Amino acid sequence: MATPVKVYGPPMSTAVSRVLACLLEKDVNFQLIPVDMSKGEHKKPDYLKIQPFGQVPSFQDESISLFESRAICRYVSEKYANQGNKRLYGTNPLEKASIEQWLEAEGQSFNPPSSALVFQLAFAPRMKLKQDLGVIKQSEEKLAKVLDVYEQRLGESRFLAGDEFTLADLSHLPNTQYLVSVTEKGEMFTKRKNVGRWWSEISGRDSWKKVVDLQKAPPPKSA
Amino acid sequence: MALDENVLEKGILNVTPSLQTVNTQAPQPSFLHSHTLKISLFVSLLPNPAVMAVLKVHGSPFSTATMRVVSALYEKGLQFEFVSIDMKVGQHKSEAFLALNPFGQVPAFEDGDLKLFESRAITQYIAHEYASNGTQLICPDSKKMAIMSVWMEVEAHQYDPHAAKLCFELCIKPMLGLTTDPAAVEDLEAKLGKVLDVYEARLTQSKYLGGDCLGLADLHHLPTLHYLLGSSAKKLFDSRPHVSAWVADITARPAWAKVIAMQKS
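Because the structure is a prediction, the values reported are computed rather than measured.

Rules and cut-offs
- Each chain has its residues counted from 1, running along the sequence as written.
- Each chain takes a letter, starting from A, and each ligand takes a number, starting from 1, following the order in which they are written.
- Under the rules for a predicted model, residues below a pLDDT of 70 receive no local features and side-chain atom pairs below 80 are neither given nor counted, while totals for whole chains, interfaces and linings still include all residues.
- Heavy atoms throughout the structure, all of them, feed into the side-chain values; hydrogens and water do not.
- For Phe, Tyr and Trp, rings pair up if their centres lie within 6.5 Å, where Trp contributes its six-membered ring, and each pair is then called stacked (planes under 30 degrees apart), edge-to-face (over 60) or tilted (otherwise).
- Strands are runs of DSSP state E lasting at least two residues, helices are runs of H or I lasting at least four, and both sets are numbered from the N terminus onward.
- Here the term buried applies to any residue with accessible area under 20% of the maximum for its type, exposed to any over 50%, and partly exposed to those in between, with areas from a 1.4 Å probe on protein chains only.
- What makes two residues a contact is simply this: any of their non-hydrogen atoms within 4.5 Å.
- Defined in terms of a 1.4 Å probe, buried area is the accessible area two parts forfeit on being brought together, summed over both.
- Throughout this description, the term salt bridge denotes a Lys or Arg side-chain nitrogen within 4 Å of a carboxyl oxygen of Asp or Glu.
- All domain edges in this entry derive from an automatic or database-based domain assignment.
- The term polar contact refers here to a pair of N or O atoms within 3.5 Å; inside protein, the definition further demands a hydrogen-donor-capable atom paired with an acceptor-capable atom, and it admits residues adjacent in sequence only when both atoms are side-chain atoms.
- By nonpolar core we mean a set of buried residues, namely Ala, Val, Leu, Ile, Met, Phe, Trp, Tyr and Cys, connected to one another through side-chain atoms within 4.5 Å.
- Working rule for helices: expected span equals 1.5 Å times residues minus one.
- In this scheme, strands are said to pair when DSSP sees at least two bridges between them.
- Fitted lines through C-alpha atoms serve as axes, helices being fitted only where they are in contact, and the angles separating the N-to-C directions of these axes extend from 0 to 180 degrees.
- Confidence of the prediction at every residue is given by pLDDT, a number between 0 and 100.

1. As for the packing of aromatic side chains
Stage number 1. Summed over all chains, the structure comprises 19 aromatic pairs over all chains.
Stage number 2. Between Phe110 of chain A and Phe189 of chain A, the aromatic rings sit 6.3 Å apart at their centres with planes inclined by 75 degrees, giving edge-to-face as the arrangement. Separated by 79 residues along the polypeptide, Phe110 of chain A in helix α4 (residues 93–126) and Phe189 of chain A in helix α8 (residues 187–190) bring together distant segments of the chain.
Stage number 3. By relative accessible area, which is 0% here, Phe189 of chain A ends up buried.
Stage number 4. Arranged with centres 6.2 Å apart and planes meeting at 75 degrees, the rings of Trp151 of chain B and Tyr199 of chain B form a pair that is edge-to-face. Of this pair, Trp151 of chain B sits in helix α5 (residues 142–175) while Tyr199 of chain B sits in helix α6 (residues 182–205), placing them 48 residues apart in sequence.

2. Quick look at the interface of chain A and chain B
Stage number 1. Taken residue by residue, the interface counts 28 residues in chain A and 27 residues in chain B.
Stage number 2. Contact between chain A and chain B buries roughly 2,400 Å² in total, counting both sides, with carbon and sulfur atoms accounting for 66%.
Stage number 3. The tally of links from chain A across to chain B stands at one salt bridge.
Stage number 4. Arg74 of chain A is the partner of Glu153 of chain B in a salt bridge, and the nearest nitrogen-oxygen pair spans 2.5 Å.

3. Remarks on the pattern of salt bridges
Residues and elements named next belong to chain B.
Stage number 1. Across all of its chains, the model carries 31 salt bridges over all chains by this definition.
Stage number 2. With its nearest N and O atoms 3.4 Å apart, the salt bridge here joins Lys115 to Glu110.
Stage number 3. Under the relative-accessibility criterion, Lys115 is labelled partly exposed at 42%.
Stage number 4. Owing to a relative accessible area of 10%, Glu110 belongs among the buried residues under this scheme.
Stage number 5. In this structure, the salt-bridge partner of Arg120 is Glu155, at a minimum N-O distance of 2.7 Å. Taken together, the residues Arg120 in helix α4 (residues 119–129) and Glu155 in helix α5 connect sequence positions 35 residues apart.
Stage number 6. Classification of Arg120 as buried rests on a relative accessible area of 4%.
Stage number 7. Note on Glu155: relative accessible area 0%, which makes it buried.

4. What to know about the domain arrangement of chain A
Residues and elements named next belong to chain A.
Stage number 1. Domain annotation for chain A reports domain 1 (3–85 + 207–214) and domain 2 (91–204).
Stage number 2. Averaged C-alpha coordinates put domain 1 and domain 2 at centres separated by 21 Å.
Stage number 3. In this complex, domain 1 contributes 16 residues to the contact, which on the side of domain 2 involves 22 residues.
Stage number 4. Between domain 1 and domain 2, the buried area comes to about 1,500 Å², and carbon and sulfur atoms account for 58% of it.
Stage number 5. With a closest N to O distance of 3.4 Å, Glu104 and Arg74 form a salt bridge.
Stage number 6. Linking domain 1 with domain 2 are eight residue pairs in polar contact (both at pLDDT 80 or more), by the criterion used here.
Stage number 7. Broken down by secondary-structure element, the contributors of at least two residues to the side of domain 1 that touches domain 2 are α1 (14–25), α3 (69–79) and α10 (206–216).
Stage number 8. Of the residues forming the side of domain 1 that touches domain 2, the biggest block, six residues, is contributed by α1.

5. Some thoughts on the side chain of Glu104 of chain A
Stage number 1. Mapped onto the secondary structure, Glu104 of chain A falls in helix α4.
Stage number 2. According to the relative accessible area criterion, Glu104 of chain A is buried, its value standing at 6%.

6. Remarks on the environment of Gly9 of chain A
All names here are of chain A.
Stage number 1. If you trace the backbone, Gly9 turns up in the loop between β1 (5–8) and α1.
Stage number 2. Measuring from C-alpha to C-alpha, the distance between Gly9 and Thr166 comes to 24 Å, with 157 residues separating the pair along the chain.
Stage number 3. Not counting the four nearest positions on each side in its chain, Gly9 is found in contact with Val16, Leu32, Ile33, Val35 and Val56.

7. Here's the deal with the nonpolar core
Stage number 1. In terms of nonpolar packing, the biggest core is built from 133 residues, with Tyr150 of chain A together with Phe109, Ile126, Trp151, Tyr199 and Phe237 of chain B touching the most fellow members.
Stage number 2. Counting residues per element, this core draws most heavily on α5 of chain B, which supplies 13 residues.
Stage number 3. Split by domain, the residues of this core number at least three in each of domain 1 (3–85 + 207–214) and domain 2 (91–204) of chain A.
Stage number 4. Residues within four places of Tyr199 of chain B in sequence aside, it is in contact with Trp151, Val154, Glu155, Tyr159, Leu209, His221, Val243 and Trp246 of chain B.

8. Description of helix α2 (residues 64–76) of chain B
It helps to recall that an α-helix has 3.6 residues per turn; residues three or four apart then point in one direction.
Residues and elements named next belong to chain B.
Stage number 1. With 13 residues, α2 extends 19 Å between its outermost C-alpha atoms, agreeing within 8% with the 18 Å of an ideal straight helix rising 1.5 Å per residue.
Stage number 2. A large share of α2 lies buried, amounting to 12 of its 13 residues.
Stage number 3. Where α2 is concerned, the buried positions are Ala65, Thr66, Met67, Arg68, Val69, Val70, Ser71, Ala72, Leu73, Tyr74, Glu75 and Lys76.

9. Considerations on the sheet that holds strand β3 (residues 58–60) of chain A
Residue and element names in this part refer to chain A.
Stage number 1. Within the open sheet, the four strands sit side by side as β2-β1-β3-β4. Their pairing is mixed. This sheet does not close on itself; its edge strands, each paired only once, are β2 (30–33) and β4 (65–67). Neighbour-to-neighbour, the strand axes of the sheet open up by a mean angle of 20 degrees, direction not taken into account.
Stage number 2. Helix-sheet contacts for α3 involve β3 and β4, and the interaxial angle to β4 is about 130 degrees.

10. Some details on the side chain of Glu75 of chain B
Residues and elements named next belong to chain B.
Stage number 1. Assignment of secondary structure puts Glu75 in helix α2.
Stage number 2. Here the side chain of Glu75 touches Thr135 through a polar contact of 2.7 Å, side chain to side chain.
Stage number 3. With residues near it in sequence (within four places) discarded, Glu75 still touches Gly134, Thr135, Leu137, Leu219, Arg253 and Ala255.

11. Section: α4 of chain B
Stage number 1. α4 of chain B sits mainly inside the fold: nine of its 11 residues count as buried.
Stage number 2. The set of residues buried in α4 of chain B consists of Ser119, Arg120, Ala121, Ile122, Thr123, Gln124, Tyr125, Ile126 and Ala127 of chain B.

12. Remarks on unusual backbone geometry
Stage number 1. For the bond running from Val56 of chain A to Pro57 of chain A, omega is 5 degrees, close enough to zero to count as cis.
Stage number 2. Of note, the amide linkage connecting Val106 of chain B to Pro107 of chain B takes the cis form, showing an omega dihedral of 0 degrees.
Stage number 3. Within the element layout of this structure, Pro107 of chain B appears in the loop between α3 (95–98) and β5 (108–111).
Stage number 4. You will see that Asp27 of chain A, though not glycine, has its phi angle at about 55 degrees, which is positive.
Stage number 5. Relative to the helices and strands, Asp27 of chain A resides in the loop between α1 and β2.

13. Side note on the confidence of the model for chain B
Note: predicted coordinates in regions of low pLDDT should not be interpreted at a detailed level.
Stage number 1. When the pLDDT values of chain B are averaged, the result is 85; 80% of them are 70 or greater.
Stage number 2. Every residue in residues 1–41 of chain B is under pLDDT 50, and counting partners more than four places away or in other chains gives 60 contacts.

Structure, rendered in structure tokens:
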């Protein structure tokens, strides 16, 4: 049996959960290694060796060390193409091109405003930081425009890249989960008919439910 | 708009009064009106244009995202048609353009029936689909490609957010008659500086950002680099020796010179 791959970082991190969702979709065994961010572990020299920007996640398997969640997802999807969900990263160049297009749209258009809202509305209060109402308003306006495009697209296509659930949809799970479950901005998704239908489908997948369970599990006790 | 001798030598200038994509077959030399006609530039890079599916880029030669795609096409030595999108009159928000990119942003790309948007998805498609043409921009080895993919994400998520905003403050605002915000510039330069510190360390161990060979991870930086090098932010690159050498190397590439030349025609 293959050695489990290693993922460094807390599952509550959106980027970490993106990688976990992908590993679960591909039936890849993994070991989740805690990084205590409250103690600044991610900024210490030992960690910076594997992730020079001091962010989570980072990833290791027997042959390679990687970071950037979407790069890790692409690597895992390619390396384990023949197991788990085989349609996750497309089975031909045309499918892949469409997946890459929507994965880039997620990274460039969806992620900035949705990440900002997740930080302002879900994390800042926990961290006792002051919320920036200007950022919240601007981010909500930007995100609404993006979701209008998604609403149109998802009226023409079951999932973003086509008829199958792919990495492009998966990449949206982490931020949306926070917005829908712990903020009042969830309506932005659920009130749009096609986006709401799509959110139900993708968040209802077994792999994502397992990630949500991992996020709810109590953090490991520090050594 | 003046006729550029270089353009006539190199290829065929098609002129059309409509917004539709251009018939790229026989040349139709004719009179030229300045702003009312949409000009489609058919760039022939081969002495004998071969029969291929028509590659089209819809965009602006000044848009960083458009330049990113065009640089990949030039590196690959691929023929393509450039359809100019006039953003000053909101052409990128027209129904015809939204059918190509529902986000209303340039560029949009066509390869026969395939339509794509998002510059970094387009360059990846070009690099894979035309792997045997021109410069190799991806790695056939899967581990090396994974490493390059990491640094492509770094460009997109660590470098570009600050670089693009800095471009806006230092280069775009003056063009639009707006005032640069010095506090914003200071903040962005500090943030970009931290990213470039990581690049400096990386480039002491690796000739190019993505690995030993030049690839998309390096190329994707060129458009914002080009603007920042013409601004006070140049010092951020000059002050880091390995970054500086890398910048000098990639900006000197002949294919990149062709991208810049499009801004002058």
